[in-house]
Number of protein chains: 4
Amino acid sequence: MQVQSFISIAQQFKAVFLDSYGVLKNYNGLIEGVQHTIDILRSKKVTIRILTNDASRSQLQQAESFYSLGLHNIHESEIITSGMMAKQFLEQKIRDGKIAYLGTENSAHYILQSGLEHIPVSDVDLKRLDDISAFVFLDDEGFDWNTDINKTVNLLRHKNLPVIVANSDKFYPVSKNDVAVATGGIAKLVENMLNKKFIHFGKPDSQMFMYAYDQLSTIGNYGKQEILMVGDTLHTDILGGNKFGVKTTLVLSGNTSAEDAELQINATGIIPDYVCESIIS
Amino acid sequence: MQVQSFISIAQQFKAVFLDSYGVLKNYNGLIEGVQHTIDILRSKKVTIRILTNDASRSQLQQAESFYSLGLHNIHESEIITSGMMAKQFLEQKIRDGKIAYLGTENSAHYILQSGLEHIPVSDVDLKRLDDISAFVFLDDEGFDWNTDINKTVNLLRHKNLPVIVANSDKFYPVSKNDVAVATGGIAKLVENMLNKKFIHFGKPDSQMFMYAYDQLSTIGNYGKQEILMVGDTLHTDILGGNKFGVKTTLVLSGNTSAEDAELQINATGIIPDYVCESIIS
Amino acid sequence: MQVQSFISIAQQFKAVFLDSYGVLKNYNGLIEGVQHTIDILRSKKVTIRILTNDASRSQLQQAESFYSLGLHNIHESEIITSGMMAKQFLEQKIRDGKIAYLGTENSAHYILQSGLEHIPVSDVDLKRLDDISAFVFLDDEGFDWNTDINKTVNLLRHKNLPVIVANSDKFYPVSKNDVAVATGGIAKLVENMLNKKFIHFGKPDSQMFMYAYDQLSTIGNYGKQEILMVGDTLHTDILGGNKFGVKTTLVLSGNTSAEDAELQINATGIIPDYVCESIIS
Amino acid sequence: MQVQSFISIAQQFKAVFLDSYGVLKNYNGLIEGVQHTIDILRSKKVTIRILTNDASRSQLQQAESFYSLGLHNIHESEIITSGMMAKQFLEQKIRDGKIAYLGTENSAHYILQSGLEHIPVSDVDLKRLDDISAFVFLDDEGFDWNTDINKTVNLLRHKNLPVIVANSDKFYPVSKNDVAVATGGIAKLVENMLNKKFIHFGKPDSQMFMYAYDQLSTIGNYGKQEILMVGDTLHTDILGGNKFGVKTTLVLSGNTSAEDAELQINATGIIPDYVCESIIS
């Protein structure tokens, strides 16, 4: 496994898709040097998109968060979230009724603004489910795990609904050594209880790649060979990029450590085109 | 699928193994008529054992609970719990250090009285794991789900330990229509996060059957053909009994409803020798 | 579950995506009446695309096969196969070496014509794997199952390669009552042996939908709401269509029988927008 | 991970349970030095039992095979196979009809000599399944994989039967570097096609341990603490031994190599009490 310089690789591409967590930022805030790399890419006219499995905040909120962390030139339109994909699905497929959810009021406000009413699972009356038309796993916060996960299990046992998981990540890092169970992990628990598979959004699925790619086609002519996907996780960023048909770079600044990378690549058979320490050099 | 009379079947056996929940009791308390059936079996000299996937209470506590519900002649020695199997395992395999757990203080007191210290996960210092020698999932109560499940995930990421699931049931009924996530469901979530398989105790595994069978051999001569396992759940009670080699009866008074039974039997290929409405007639 | 007339539904859409097996044809040949429906859709200016999980034949071969079965006006360009997606992936990601495969010579010829050499697994020398750069599961025919599946397992144990499954279907019907294990089923066996996940192509993944959708955009302006996906299998056609965001119709002329449909919809939570007996009325 | 001398450990136990493949023999024949170790254990009055996931040969055939390989003092009664467990199950649970099977005539003759007729799947008439009462996966040889695996899938789709997997191992070694798909691997393929779980026999399940333990109790007084299970595979030998409550030794002379051992122990959480190079020193 050869570890290469990111900046020299990235310059060869017309567009770079970047994962957010583990690539641009980590539990400490912005990864030092990231602004510099972004600036170089901008100066080389490399188009940038950020593809993040996150359904807790809107594009604007995410851009503001980057700004407050010190990354100053990311425009909200450059950010594509798994939440946007879930939102799109709900708008296209759910036509009436209320959408029940597990997550924060903020995530619900952002994802479920489709003209349909939304209701946190804690407010649902299990005896009156007639008007509930879909269920969405939005976030791991904003509810009582014990009470509301159990209530979700029972809601979904009582009524057959389309169930959407707006971010299929199982966990996210909260410090150098520790993680927390994410929305996708909670959804998996409920899937396991019900013996069902829900509709998951987010990498490695193709939707976010497709969305970004379609968007690029409105501003220029980009072949898949001219796009580089960069991420810290083999089975989301790299598998998704490989499958979509773009080139892929694994960075070692997040979920996958330098010691583990070769082992994991061999174990999973998910092979990035490049491996880089981080995006900062 | 022929539904038969339990009492006439059970009399043909020298011993009957009964699941507790869904067979003897339900969310309402004792199933009406159960005392009468037990009395008939006693009068016919049928040996009774209760095999329950439960790690929250000792044999004595379980016997007292039956008594307080109105079932008066169950002796604590007739009750075999998955918790006892976990306890036995820990006594035989874990020789020093502290056993960390997720569950109630009562369940810990009962299961972990092996001379070793035990410590709830909430009191564990993730930075000082040297003396933690095993981890046990005991109960779905007695802790804060959000905080302590996340802490458990991190504890088990930081240190490789034998992990025991003292009751592998995924859920248990709390009312006519509703269930709650049980210890086994929470353990599954953590297994899924870590991509590991823990050591599970409880039906369908053979240990409880084996324990009951060994016990019978001390009081008489029982062939496996002379033993009937009775339960309300195909993939625990019936699969376990089938695999252990005893005859099996599915009752429709618990997890498996009359409408679902045939479908589930066909879907799973787990075929009970008999199907009865309940044990009361 | 309301069963509706396909023709009256389909006319409301600008484009209809049709699965092949179970919708247009079955083990007997063409489903009677299918030509008539296609003619009506053509006369109503509904654009037609056929999306099939098949990697054994080229678009032209598939069009010729429809012709020989009696369906006369399907143009090869209207057919999108999972094999095309695999082909595209290989062209974009594999740059040198030989591609080893399990399948027929015909499927290899079609899928692997990317300038790279291809070699059936039976001809691979397990001691000289240096120049093998990828592995593809193409078809369930064209090789000796015992010898060549075992050889595939060992090849993939000896060398870490990108592994592509060109058709992820587990089985296909061979008569009214019988099925045969398909490429995806064989790939699953090998995945299970190696404890790895390969890169699967075909519905329910978004690529074929995306490809068809992109193609439509070159001939007109089609919103996702104006597209109807029609298939006989919930977890490929309907799940894929739902996730891509188009409307979906389950037909009962193939894998899913009228008796099973409601049960399976409830069991899986994959809910089609419409259910029709078949596409012929 | 401390690698210890097997002989000095084994002498501390009253009984030693040995896996066969990877412990006593390998693809080359008998592992050199094994006879010497057995002789030492005999001289120290350590009781020996061989626990093997094998359903292809009877105890006598296995003992003869050890003899012909040069291991001269293993008595057939000291050998316990997963096939014996399957045989016992069939005798106790299947009372009439014919038992269909996938495997060699020899394995069928040995396992299915229960007074019931047995029939290879190739001879079954799929249109006349009335008298088929059970199905057994016996061996990976003795049939045409393509034809007969497909026929098995269809047989089990047409009729709901108890299905027994007499050896749940997924693969077995055929040379230093190569393996072959075993009965359990083929059964997994069929389970995956049908979305069902069959009844599996063999380690890590407790039955073989229990059988050996019960047998010991007829010749002396053996506590579980006085028994050592020795094997080369974490998730069968060591998990099974741990769960049954005996001490466990992982040897590095078979499936688990010295380089992989620590990694696999950490990855699986299946922790042997001892690790030894092999049993020969």
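None of the values given here were measured: they were computed from a predicted structure.

The rules behind the values
- Residues numbered from 1 in each chain as written.
- Chains lettered and ligands numbered in written order.
- Predicted model: local features only at pLDDT ≥ 70, side-chain atom pairs only at ≥ 80, totals over all residues.
- Helix = DSSP H or I, 4+ residues; strand = E, 2+ residues; numbered from the N terminus.
- Rg over C-alpha atoms; globule rule 2.2 N^0.38 Å.
- Buried ≥ 20, exposed ≤ 12 C-beta atoms within 10 Å, placed from the backbone.
- Contact = placed C-beta atoms within 7 Å.
- Axes fitted to C-alpha atoms, helices over the stretch in contact; angles between N-to-C directions.
- Parallel < 35°, antiparallel > 145°, perpendicular 65-115°, else oblique.
- Left-handed = near helix turned anticlockwise from the far one by under 90°.
- Least-squares fit on C-alpha atoms with pLDDT ≥ 70 in both.
- Domains from an automatic or database assignment.

1. Quick word on the overall build of chain A
Turning to step 1, where the next piece is worked out: Across its full length, chain A carries ten helices and 16 strands.
Turning to step 2, where the next piece is worked out: Taking 2.2 N^0.38 as the reference for a compact globule, 281 residues should give roughly 19 Å; the C-alpha atoms of chain A span a radius of gyration of 19 Å, in line with that estimate.
Turning to step 3, where the next piece is worked out: Out of the 281 residues in chain A, the part that is buried amounts to 54%.
Turning to step 4, where the next piece is worked out: For chain A, restricting intrachain contacts to residue pairs at least 6 apart in sequence, the fraction spanning at least 24 positions comes to 73%.

2. Topic: the packing of helix H7 (residues 183–194) of chain A against helix H7 (residues 183–194) of chain B
Turning to step 1, where the next piece is worked out: Between H7(A) and H7(B), whose axes approach to 9 Å, the crossing angle comes to 130 degrees. Considered as vectors, H7(A) and H7(B) are oriented oblique to each other. At the point where H7(A) passes H7(B), the crossing takes the right-handed sense. Each of A:Gly185, A:Lys188, A:Leu189, A:Asn192 and A:Met193 in H7(A) lies in contact with H7(B), whose residues at this interface are B:Gly185, B:Lys188, B:Leu189, B:Asn192 and B:Met193.

3. Description of helix H9 (residues 234–244) of chain B
Turning to step 1, where the next piece is worked out: The buried fraction of H9(B) amounts to ten of the eleven residues, a majority that puts the element mostly inside the structure.
Turning to step 2, where the next piece is worked out: What H9(B) keeps buried is the set B:Leu234, B:Thr236, B:Asp237, B:Ile238, B:Leu239, B:Gly240, B:Gly241, B:Asn242, B:Lys243 and B:Phe244.
Turning to step 3, where the next piece is worked out: Elements in contact with the buried residues of H9(B): helix H8 (207–217), strand S14 (227–231), strand S15 (247–251) and helix H10 (258–268) of chain B together with helix H4 (82–93) and strand S13 (199–200) of chain D.
Turning to step 4, where the next piece is worked out: B:Gly245 occupies a position one or two residues after H9(B) and carries a positive phi of about 100 degrees.

4. Concerning the relation of the copies chain A and chain C
Turning to step 1, where the next piece is worked out: Each copy superposes on the other: chain A lies on chain C with an RMSD of 0.0 Å after a rotation of 180 degrees and an axial shift of 0.0 Å. The operation mapping one copy onto its partner corresponds to a two-fold rotation axis. Residues of chain A ranked by C-alpha distance from the rotation axis are headed by A:Ser206, positioned 3.0 Å from it.
Turning to step 2, where the next piece is worked out: In this assembly, 100% of the residues forming the interface of chain A have copies in chain C that are likewise at the interface, indicating an isologous arrangement.

5. Observations regarding the domain arrangement of chain A
Residue and element names in this part refer to chain A.
Turning to step 1, where the next piece is worked out: Domain annotation of chain A identifies domain 1 (3–53 + 204–276) and domain 2 (84–200).
Turning to step 2, where the next piece is worked out: Taken over C-alpha atoms, the centre of domain 1 sits 28 Å from the centre of domain 2.
Turning to step 3, where the next piece is worked out: The interface of domain 1 with domain 2 comprises eight residues on the first partner and ten residues on the second.
Turning to step 4, where the next piece is worked out: In terms of residue count, the dominant contributor to the side of domain 1 that touches domain 2 is helix H8 (residues 207–217) (three residues).

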